[in-house]
Amino acid sequence: MSSIDGARVPACLRCLIAWSCLLLAMAGARAAEPSVVLVSSELSPAYVELADALVTELERGGVPGSEVRRTTVAELATAESTLPKLYVALGVRAATALAQIGDGVPVLCTLLPRASFERILLETGRKASSHFSAIYLDQPLSRQLELVRLTLPRAKRIGVLWGESSVAQQAALDGAAASRGLRVVSARVGPAEPLFPALRKVLDESDVLLALADPQIYHGGTIQNILMTSIRAGIPMVAFSPAYVRAGALAAVHVTPAQIGQQAGGLARAVLQGRALPSAPLYSREFEVSVNVPVAHALALSLDPVALAARLRLLERAP
């Protein structure tokens, strides 16, 4: 006999109490095991914004936030051995790290351009599938071309610079442009083809410069000079980032981390319900348009970014 709070308890009841406590402890441990693990390339506001939106979307669907664990690439090697039902990679470094893990857990890659995802596939031997998929950070070519048509309806010649990361899309852009009555004027940029001679050649024959996400061409060290060169040539730029619009591009169509997080949350909820990730990577379902109003006024254009985004959505829903 023993006692609890002064009362004497038979041995069989003590065993029952101990077993119940053990079951409760095990249940608590299972509840603490994550169903979804978010792996960030680093700590940054964009990753936090995406993660918060993903958790909110899961909770909206009845999945408690306690089933989501947040970690970083640096912490991944020391993470617990219990496998989740889904990994979500935030950024290129996280996607690269998770591509090299062969534990059979599906991986959804986010906050990386299509070119980066395809490079990871090539370098790791992975294939896009329901076990390794993505939501691209950049926008579909059709959406970008429609923005050009809406903002600059008289532009018929689309200037494009191709780098190592983006040139794989050249045939697709040529076809998408031709179907809209547009012509692509392009030039390669590489070790033997310097950036600014290629840019000047394209600007001489174009009505608009369409900037596509390619880190070899568009980065912090080049964007101001590219914009200044295009402005001097009288050729507006339609870009892929609101930062470029603030720097002087006419407009851009882009997605926010929160929008990707919401879409990723829906896919994560589907996985937890027993469905598979899409075998083909996706572009963002939602998006925004940014406009540089002074640049638009200088071109005698009146552009409303909200109205432009609404028009793009209508075009994409049209049969």
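So, here's what we can say about the structure. (Residues numbered from 1 in each chain as written. Predicted model: local features only at pLDDT ≥ 70, side-chain atom pairs only at ≥ 80, totals over all residues. Heavy atoms only, no water.)

1. Some remarks on the overall build of the chain
So, step 1. On a plain count of helices and strands, the chain comes out with 13 helices and 13 strands.
So, step 2. Taken across its 319 residues, the chain has 47% of its residues classed as buried.
So, step 3. The long-range share in the chain, meaning contacts at least 24 apart out of those at least 6 apart in sequence, stands at 71%. (Helix = DSSP H or I, 4+ residues; strand = E, 2+ residues; numbered from the N terminus. Buried < 20%, exposed > 50% of the residue type's maximum accessible area, 1.4 Å probe, protein only. Contact = heavy atoms within 4.5 Å.)

2. With respect to the pairing of strand S9 (residues 183-188)
So, step 1. By the bridge criterion, six bridges tie strand S8 (residues 157-162) to S9 in an arrangement that is parallel. When the sheet's bridge partners are listed, Gly159 is paired in S9 with Val185.
So, step 2. A crossover connection joins S8 to the parallel S9 through helix H7 (residues 170-178); in handedness this β-α-β unit is right-handed. (Pairing = 2+ DSSP bridges. Right-handed = clockwise from strand over helix to strand, strands pointing away.)

3. Examining the environment of Ile223
So, step 1. In this fold, Ile223 is placed in helix H9 (residues 223-232).
So, step 2. Residue classification places Ile223 among the buried residues on the basis of a relative accessible area of 8%.
So, step 3. Put simply, Ile223 and Gly248 are 25 residues apart on the chain and 9.5 Å apart in space, counted from C-alpha to C-alpha.
So, step 4. When residues no more than four places from it in sequence are discounted, the contact partners of Ile223 are Tyr218, Met237 and Tyr244.

4. Digging into the packing of helix H8 (residues 195-204) against H9
So, step 1. Running from amino to carboxyl end, H8 crosses H9 at an angle of 30 degrees, the nearest separation of the two axes being 10 Å. It follows that H8 is roughly parallel to H9 by the angle criterion. The hand of the H8/H9 crossing is right-handed. Contacts between H8 and H9 involve Leu195, Phe196, Leu199, Arg200 and Leu203 from the first element and Asn225, Ile226, Thr229 and Ser230 from the second.
So, step 2. Looking at side-chain class alone, the contact of H8 with H9 contains five nonpolar, three polar and one charged residues. (Axes fitted to C-alpha atoms, helices over the stretch in contact; angles between N-to-C directions. Parallel < 35°, antiparallel > 145°, perpendicular 65-115°, else oblique. Left-handed = near helix turned anticlockwise from the far one by under 90°. Nonpolar A, V, L, I, M, F, W, Y, C, P; charged D, E, K, R; others polar.)

5. Quick word on the sheet that holds strand S3 (residues 36-40)
So, step 1. The parallel open sheet is built from five strands, whose spatial order is S4-S3-S5-S6-S7. Looking along the sheet, the strands with just one partner apiece sit at the ends: strand S4 (68-72) and strand S7 (132-136). Neighbouring strand axes in the sheet, compared pairwise and without regard to direction, differ in orientation by 20 degrees on average.
So, step 2. Most of the contacts of helix H2 (residues 45-60) go to S4, to which it runs at about 165 degrees, and overall it touches S3, S4, strand S5 (86-90) and strand S6 (107-112).

6. Quick look at the nonpolar core
So, step 1. One finds Leu147, Val160, Leu173, Leu210 and Val289 to be the most contacted residues of the largest nonpolar core, which totals 31 residues.
So, step 2. Elements with a contribution of two residues or more to this core: helix H6 (141-151), S8, H7, strand S10 (208-210), strand S12 (251-254), strand S13 (288-291) and helix H13 (305-317).
So, step 3. By residue number, the principal contributor to this core is H6, which donates five residues.
So, step 4. Filtering out sequence-adjacent residues up to four positions away, Leu210 remains in contact with Gln144, Leu145, Val148, Ile158, Gly159, Val160, Leu173, Tyr218 and Val238. (Core = buried A, V, L, I, M, F, W, Y, C linked by side-chain atoms within 4.5 Å.)

7. Focus on the side chain of Glu57
So, step 1. On the secondary structure map, Glu57 appears in helix H2.
So, step 2. Assessed through its relative accessible area of 8%, Glu57 is described here as buried.

8. A look at unusual backbone geometry
So, step 1. Unlike most non-glycine residues, Leu111 shows phi in positive territory, near 55 degrees.
So, step 2. Its relative accessible area of 12% is what places Leu111 among the buried residues.
So, step 3. Of note, Ala300 is a non-glycine position whose phi angle comes to about 60 degrees, a positive value.
So, step 4. Following the sequence through the fold, Ala300 ends up in the loop between helix H12 (293-298) and H13.

9. Description of the packing of H2 against helix H11 (residues 257-272)
Two quantities define a packed helix pair, namely the angle between the helix axes and the distance between the axes.
So, step 1. Contact geometry for H2 and H11: axes closest at 7 Å, N-to-C directions at 40 degrees. Accordingly, the angle class assigned to the pair H2 and H11 is oblique. When the axes of H2 and H11 are compared, the crossing they make is right-handed. Here Ala46, Glu49, Leu50, Ala53, Leu54, Glu57, Leu58 and Arg60 of H2 come into contact with H11, specifically with Pro257, Ala258, Ile260, Gly261, Gln262, Ala264, Gly265, Gly266, Ala268, Arg269 and Leu272.

10. Things to note about the sheet that holds S12
So, step 1. One open sheet holds the six strands; their spatial order is S9-S8-S10-S11-S12-S13, and the pairing between them is mixed. The strands lining the two open edges of the sheet, one partner per strand, are S9 and S13. Adjacent strand axes in the sheet meet at a mean angle of 25 degrees, parallel and antiparallel pairs treated alike.
So, step 2. In terms of strand pairing, S8 meets S10 through two bridges, oriented parallel. From the neighbouring strand, Ile158 faces S10, where its bridge partner is Val208.
So, step 3. Docked against the sheet, H13 engages S12 and S13, running at close to 140 degrees with respect to S13.

The analysis is restricted to geometry; functional conclusions fall outside its scope.
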